[in-house]
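# Understanding the architecture of this molecule
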Amino acid sequence: MKPVRVLFVCLGNICRSPLAEGVLRERAIEKGLASWLKVDSAGTGAWHIGDPPDRRSIAVARRHGIDISGLSGRQVRAEDFSGFDLILGMDEDNVAMLKRLAPAGTADKVQLFLGYATGRSQNVPDPYYEGADAFEALYQMLDAGCSSLLERLGERTS
Ligand code: 4NP
């Protein structure tokens with residue numbers, strides 16, 4: 001079966017989307033679905049190109065047994081709209097920017113992450129200016145969303 005290619009997108013690609021990438025990859029490995037899923041992340045902004053994830057995202061991932069320290073920030077690029085099947089924005093601002101960037105015929109690939117995963121439209125709030133507790137809440141939100149996403153992707157291919 002052809003792998004499903006999922007790109008998570010936030011603003012900086014240092015807090016939310018690399019954590020979502022790490023969580024989804026880990027959950028896919030646990031379920032034996034790793035070869036069936038390609039996952040990556042990117043930011044709409046360019047401030048953190050080449051940077052590792054925010055230390056608070058690295059720390060919360062590590063507390064939950066996931067290592068995202070080797071990931072490196074990058075910006076969304078035009079080829080992403082052909083290279084991925086699903087481009088999941090963390091919040092409505094990310095989705096609006098992605099739709100503006102999407103080449104003709106690819107805008108349907110752009111979806112709000114939790115809306116697509118759970119059927120209930122909800123933003124994953126930007127935690128950048130928040131304290132450490134916001135990152136535990138972020139992890140819980142992403143973990144629940146990634147479990148729903150895996151179920152939804154399973155339905156898509158079965
Ligand atoms: P992220 O959080 O979009 O979840 O990676 C942010 C990280 C950096 C900035 C904004 C949001 N920034 O303005 O540099």
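Attention here is on the structure that accompanies the text. These numbers come from a predicted model, not from an experiment.

## With respect to the environment of R16
Among the structural elements, R16 can be located in helix α1 (residues 16–30). The exposure class assigned to R16 is buried, which follows from its relative accessible area of 3%. Each C-alpha atom of the pair R16 and F135 lies 9.0 Å from the other, and the pair is 119 residues apart in sequence. The residues contacting R16, other than those within four sequence positions of it, are C10, L11, M90, D91, N94, V124, P125, D126, P127, L138 and L142. In terms of polar contacts, R16 uses its side chain to reach the side chain of D91, at 2.9 Å.

## Section: the pattern of salt bridges
Evaluation of the coordinates by the stated rule reveals 10 salt bridges. Two residues, D91 and R16, come together in a salt bridge whose shortest N-O distance is 2.9 Å. Taken together, the residues D91 in the loop between β3 (86–89) and α4 (92–101) and R16 in helix α1 connect sequence positions 75 residues apart. Overall, the relative accessible area of 11% leaves D91 in the buried class. Salt bridges here are not isolated pairs; linked through shared partners, they connect R27, E30 and D143.

## Re unusual backbone geometry
Its identity is not glycine, yet N13 carries a phi of approximately 60°, on the positive side. Here N13 lies in the loop between β1 (4–10) and α1. With relative accessibility at 3%, the residue N13 sits in the buried group.

## Regarding the side chain of R56
Its location among the elements puts R56 in helix α2 (residues 55–63). According to the relative accessible area criterion, R56 is buried, its value standing at 17%. The residues contacting R56, other than those within four sequence positions of it, are C15, P127, Y128, E130 and F135.

## Thoughts on the site of the ligand
All residues adjacent to the ligand are C10, L11, G12, N13, I14, C15, R16, H48, D126 and Y128. With respect to the ligand, the backbone of G12 contributes an N or O atom lying 2.8 Å from an oxygen atom. For the ligand, an oxygen atom lies 2.8 Å from a polar atom in the side chain of R16. Contact with the protein chains hides 91% of the accessible area of the ligand, taken as 360 Å² for the molecule alone. Split by residue class, the shell around the ligand holds 5 nonpolar, 3 polar and 2 charged.

Rules used in this analysis
Residues numbered from 1 in each chain as written. Predicted model: local features only at pLDDT ≥ 70, side-chain atom pairs only at ≥ 80, totals over all residues. Heavy atoms only, no water. Helix = DSSP H or I, 4+ residues; strand = E, 2+ residues; numbered from the N terminus. Buried < 20%, exposed > 50% of the residue type's maximum accessible area, 1.4 Å probe, protein only. Contact = heavy atoms within 4.5 Å. Polar contact = N/O pair within 3.5 Å; in protein donor to acceptor, adjacent residues only side chain to side chain. Salt bridge = Lys/Arg side-chain N within 4 Å of Asp/Glu carboxyl O. Near = heavy atom within 4 Å. Areas by Shrake-Rupley, 256 points an atom, 1.4 Å probe, with all protein chains shown as cover. Nonpolar A, V, L, I, M, F, W, Y, C, P; charged D, E, K, R; others polar.

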